[in-house]
Amino acid sequence: MILHNIKMRYILLLLSWFVAVASAYGQANVYDNLKIKQYERSMNSLDVPKTQGCDSVIVTNYDEIWYFNIDTLCYRMATEGYSVQVEDLMHHFLFEIADYATAEQLEKWFEKMETAAKKYNNNFLRNKLDYMKTIAFFYQKLYFEGGVSEDYLDSAIENMQKLKQIAVKQGNKRDEVLLLSEMTWMYMNYGNYAKMFKNCPILLDLLENTTYEEYPLRNYCYFFIGNAYYRFRDYKRAIPCLKAALHDTTPFFADRSDLRARSLLADYYSEINDLDSSDYYYRSIYDSPLMVRFRPYHDVKAVNGIAHNLIKRGNYNEALQLLKRWQPEAIKEKVYETIFNITIAMGECYIAEKQPEMAKAVIDDIRAMDNSKLSLPQQKDLYILLFHYYSVTGNITQAQLYVDSIQTTVVKHEEKTDALIILRAEQELFESEKALKDETIQKQKNLFQFSVVIFVLCLLILIIVVYNYRKKQIINKKLVQHIREQDFVLNKLEQEREHAKKLQLVLNNDEKTSISSEDDNVFNRFIELMKNSNIYTNAEVSRKEVAGKIGTNETYLGTTIKQYTGMTFTDYINEFRLNYARNLFLENKLSVESIAFESGFGSRRNFLRLFSKRYGLSPTSYRKQLTQENS
């Protein structure tokens, strides 16, 4: 019996070893198949042959010269109207050539187009010319002239609205969807997220009643809306839009919406640790037959995503080999974001594989890059890598500094992509729709007004009698309620006075403690800075910045504040902000949201939470009590 058990144990061990080897071999084959693809030409721009009379721009990003021909574009618009080739040529001019042109070049090219529009006397060409001018100069100002003013945005939107009205009158669904999506895109790039999200449901309704035949870039609009919701972490609405954007055939070289939607879906499933689904979407990008703009970039991004999923599974060696093989391709394609992500992932793999010296080399490479372009999530990933490196090398002090940096970056990113922005936009949309309905109802009321005048006069005497009777009851009830509210307000104000006294004692440094004179000097300089500069009203102010202004280091400053007040640097700064906000409430001119930002709070939600926690009532209630007290 014992011999039998031993044999069975060895058989099971042998089978387990065989399954493990087979699995590893199969997995290796899967990742070995992710070979770098070769394309016949550069996929950075539409392949427009050089012909006589061609214009061109030198694109230093890719060390290439891109060509286009205004005469050809105008002629084809006038003679063909809308077609796949015309759409691609127009996109090539607007979002490839114009992106690298100066304002003077754009002026010259559009003068040439104006001449062609007069020559051909074609409505399609004239409308498209107005559309292209609005788009081209908007992005010229946005990216190369320091930004777009609100007046310029309103003017651009007004032009697009006029073109949209023309399209609606003509029953042109294609241009109606295009123009609404462009206006939404303008709002997004300007940073007016409220109006952007007001447009999204309208655009979705329009898409539901539009076929691919009517608008062949329909899936692009679904991607754009899904991407907008995804950026603000509204995944419930983002994911269905992204899946609606999947369309593995497209006649347009410029249409990358399918690949981009798959990339976001893969990122989402990776984020919720559904790695099999994530791998499926990343792999579908790599296997896609689409030959569209920036195709090699999407290959690199897909393989990078698969490697990150390997890291999440703990397969660091496989991930490292994949990343090392594809890093040169990312560098060749000059995909800065992905180069950074690949390099960070390699550093994490080296640390997991207990090769800190290789991780150090990777960190040195990252520091040599232009880190000014890093997004907040990328900054967080870099800080995490540095934390891991200093932890494994035993430099705990340095590691702890990066823990603070990680937390700060996470908070900033969450505030920047706060889903409440969508809710505010929807509230504005609801209110505007309600106003429109109210206007309609008012018109209907006016039609019946004359017929009810006599009835109203008959009721008037009865209403006056009832009103006088009820008025006495309401006045008595309000008096009782007012007395109770006064008791509550007085109690709260007394607590505030006591707190203000304590705060003033600290500000005047009247409470003597057993702290060194150096601590006194640092704390006094800190308080003077708070009094004289109102630096705390800057939402981005950091402990490091304040420490630099008073001639000390951030750790010593934090310790000193803790000794004097029992609070952290952030909590104590927030005390000054709350006190400043209370003074603004006394003026009773600004909105609650304006007061929050004027006082230095990064978000309205954070201000409401801290104010309510500190004073026991909301800012709105506080203002109401002040108003009642002063009235």
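Residues numbered from 1 in each chain as written. Predicted model: local features only at pLDDT ≥ 70, side-chain atom pairs only at ≥ 80, totals over all residues. Heavy atoms only, no water.

*Asks:* Just to check I follow, could you spell out the overall build of the chain for this structure?
*Replies:* Of regular secondary structure, the chain possesses 26 helices and two strands. Here the chain, with 631 residues, has 41% of them falling under the buried criterion. Sequence-distant contacts in the chain: of pairs separated by 6 or more residues, those separated by 24 or more amount to 63%. By element, 55% of the accessible surface of the chain is carried by carbon and sulfur atoms, the whole surface being about 35300 Å². (Helix = DSSP H or I, 4+ residues; strand = E, 2+ residues; numbered from the N terminus. Buried < 20%, exposed > 50% of the residue type's maximum accessible area, 1.4 Å probe, protein only. Contact = heavy atoms within 4.5 Å. Areas by Shrake-Rupley, 256 points an atom, 1.4 Å probe, with all protein chains shown as cover.)

*Asks:* Is there a simple way to think about the packing of helix H20 (residues 517-533) against helix H23 (residues 569-587) in this case?
*Replies:* Helix-helix packing: each pair is described by the crossing angle between the helix axes and the interaxial distance. The N-to-C vectors of H20 and H23 enclose an angle of 40°; their axes lie 12 Å apart at closest approach. The angle between H20 and H23 places the two elements in the oblique class. H23 is crossed by H20, and the crossing has right-handed handedness. For the pair H20 and H23, the contacting residues are Phe-523, Phe-526, Ile-527 and Met-530 in the first and Phe-569, Tyr-572, Ile-573 and Phe-576 in the second. Of the residues belonging to the contact of H20 with H23, the class tally is eight nonpolar, no polar and no charged. (Axes fitted to C-alpha atoms, helices over the stretch in contact; angles between N-to-C directions. Parallel < 35°, antiparallel > 145°, perpendicular 65-115°, else oblique. Left-handed = near helix turned anticlockwise from the far one by under 90°. Nonpolar A, V, L, I, M, F, W, Y, C, P; charged D, E, K, R; others polar.)

*Asks:* Mind showing me how you'd approach the nonpolar core here?
*Replies:* Across soluble globular proteins, nonpolar side chains have a tendency to be buried as a group. Within the largest apolar cluster, 125 residues are counted, with the highest numbers of intra-cluster contacts made by Phe-93 and Tyr-131. The greatest single-element share of this core, amounting to 10 residues, is contributed by helix H5 (residues 123-144). Filtering out sequence-adjacent residues up to four positions away, Phe-93 remains in contact with Phe-68, Ile-70, Leu-73, Ala-98, Trp-109, Phe-110, Met-113 and Met-132. Counting 19 residues, the second-largest nonpolar core is a separate cluster that includes Phe-523, Ile-535, Val-546 and Tyr-564. (Core = buried A, V, L, I, M, F, W, Y, C linked by side-chain atoms within 4.5 Å.)

*Asks:* Explain a nonpolar patch on the surface here, please?
*Replies:* Residues Val-452, Phe-455, Val-456, Leu-459, Leu-462 and Ile-463 make up a contiguous nonpolar surface patch of roughly 540 Å² in combined accessible area. Relative to the helices and strands, Val-452 is located in helix H19 (residues 420-507). (Patch = residues over 30% accessible without salt bridge, like charges linked within 9 Å, V, L, I, M, F, W, Y side chains within 5 Å. Salt bridge = Lys/Arg side-chain N within 4 Å of Asp/Glu carboxyl O.)

*Asks:* Would you mind showing me how to read the pattern of salt bridges here?
*Replies:* Side chains carrying opposite charge are able to pair once their charged atoms draw close together. Scanning the entire structure with this criterion turns up 18 salt bridges. A salt bridge links Arg-237 to Asp-234; the shortest N-O distance between them is 2.8 Å. Residue Arg-237 is classed as partly exposed on the basis of its relative accessible area, which comes to 30%. Residue Asp-234 is classed as buried on the basis of its relative accessible area, which comes to 14%. Taking the shortest distance from any N to any O, the salt bridge between Lys-301 and Asp-267 comes out at 3.5 Å. With a gap of 34 residues between them, Lys-301 in helix H13 (residues 295-313) and Asp-267 in helix H11 (residues 257-271) connect regions that are remote in the sequence. For Lys-301, a relative accessible area of 18% puts it in the buried group. By relative accessible area, which is 23% here, Asp-267 ends up partly exposed.

*Asks:* Mind showing me how you'd approach the side chain of Glu-329 here?
*Replies:* Among the secondary structure elements, Glu-329 is positioned in helix H14 (residues 316-333). In this structure, Glu-329 is buried with no salt-bridge partner, the nearest side chain bearing the opposite charge being Lys-332 at 4.1 Å. (Lys, Arg positive; Asp, Glu negative; His and termini not counted.)

*Asks:* Sorry, what's going on with helix H8 (residues 193-208) here?
*Replies:* An α-helical turn contains 3.6 residues, so any two residues separated by three or four positions project in the same direction. The first and last C-alpha atoms of H8 sit 23 Å apart over 16 residues, in line with the 22 Å expected at 1.5 Å per residue. Within the span of H8, buried status applies to Ala-194, Met-196, Phe-197, Asn-199, Cys-200, Leu-203, Leu-204, Leu-206 and Leu-207. (Expected span 1.5 Å × (residues − 1).)

*Asks:* When you look at unusual backbone geometry in this model, what are you seeing that I'm missing?
*Replies:* Backbone phi values are negative for most residues with the exception of glycine, while trans is the configuration of most peptide bonds. With a phi close to 65°, Asn-273 is a non-glycine residue in the positive phi region. Relative to the helices and strands, Asn-273 resides in the loop between H11 and helix H12 (275-287). For Phe-294, which is not a glycine, the phi torsion comes out positive at approximately 60°.

*Asks:* Honestly, the environment of Asp-274 in this entry has me stumped. Any pointers?
*Replies:* Along the chain, Asp-274 falls in the loop between H11 and H12. Once the C-alpha coordinates of Asp-274 and Asn-309 are considered, the two residues, 35 residues apart in sequence, prove to be 9.6 Å apart.

*Asks:* Sorry if this is basic, but what is going on with the packing of aromatic side chains here?
*Replies:* Between two aromatic rings, the relevant description is the distance of the centres plus the angle of the planes. By the definition in use, this model includes 36 aromatic pairs. Within the aromatic cluster, the residues linked to one another by ring pairs are Phe-523, Phe-526, Tyr-536, Tyr-564, Phe-569, Tyr-572, Phe-576 and Tyr-580. The ring of Tyr-131 carries Lys-128 above its face, with NZ or CZ at 5.3 Å from the centroid. Over the ring of Tyr-152 we find Lys-141; its NZ or CZ atom is 5.2 Å from the centre of that ring. (Phe/Tyr/Trp six-rings, centres within 6.5 Å; stacked < 30°, edge-to-face > 60°. Lys NZ or Arg CZ within 6 Å of the ring centre and 35° of its normal.)

*Asks:* Whenever I open this one, the pairing of strand E2 (residues 64-68) confuses me. Can you help?
*Replies:* Successive residues of a regular strand alternate their side chains across the two faces of the sheet. Here E2 shows one buried face, formed by Glu-64, Trp-66 and Phe-68, and one open face, formed by Ile-65 and Tyr-67. Bridging between strand E1 (residues 55-59) and E2 involves five bridges; their strand directions are antiparallel. When the sheet's bridge partners are listed, Ser-56 is paired in E2 with Tyr-67. Joining the antiparallel neighbours E1 and E2 is a turn of four residues, in which Asp-63 adopts a positive phi near 55°. (Pairing = 2+ DSSP bridges.)

*Asks:* Help me understand H23 in this model?
*Replies:* Here H23 spans 28 Å end to end across 19 residues, near enough to the 27 Å set by a 1.5 Å rise per residue. Along H23, the residues that are buried comprise Phe-569, Tyr-572, Ile-573, Asn-574, Glu-575, Phe-576, Arg-577, Leu-578, Ala-581, Arg-582, Leu-584 and Phe-585. After H23 finishes, the residue Asn-588 shows a positive phi value of roughly 55°.

*Asks:* So what exactly am I meant to see when it comes to the side chain of Arg-295 here?
*Replies:* Among the secondary structure elements, Arg-295 is positioned in helix H13. A polar atom in the side chain of Arg-295 sits 2.6 Å from the backbone oxygen of Ser-288. Once residues within four sequence positions are removed from consideration, Arg-295 is found in contact with Lys-37, Tyr-39, Met-43, Leu-259, Ile-285, Tyr-286, Ser-288, Pro-289 and Leu-290. (Polar contact = N/O pair within 3.5 Å; in protein donor to acceptor, adjacent residues only side chain to side chain.)

*Asks:* How should the state of the cysteines be read in this particular structure?
*Replies:* All told, the structure shown has zero disulfides when counted by the stated rule. Its sulfur unpaired, Cys-241 is 8.0 Å from the next cysteine sulfur, which belongs to Cys-200. (Disulfide = S-S within 2.5 Å.)

*Asks:* Sorry, what's going on with the packing of H8 against helix H9 (residues 218-231) here?
*Replies:* Running from N to C, H8 and H9 cross one another at 145°; their axes reach a closest spacing of 10 Å. When you trace H8 past H9, the crossing you get is left-handed. Side by side, H8 and H9 meet where Tyr-193, Met-196, Phe-197, Cys-200, Pro-201, Leu-203, Leu-204, Leu-207 and Glu-208 of the first sit next to Arg-218, Cys-221, Tyr-222, Phe-224, Ile-225, Ala-228, Tyr-229 and Arg-231 of the second. By residue class, the composition of the contact of H8 with H9 is 14 nonpolar, no polar and three charged.

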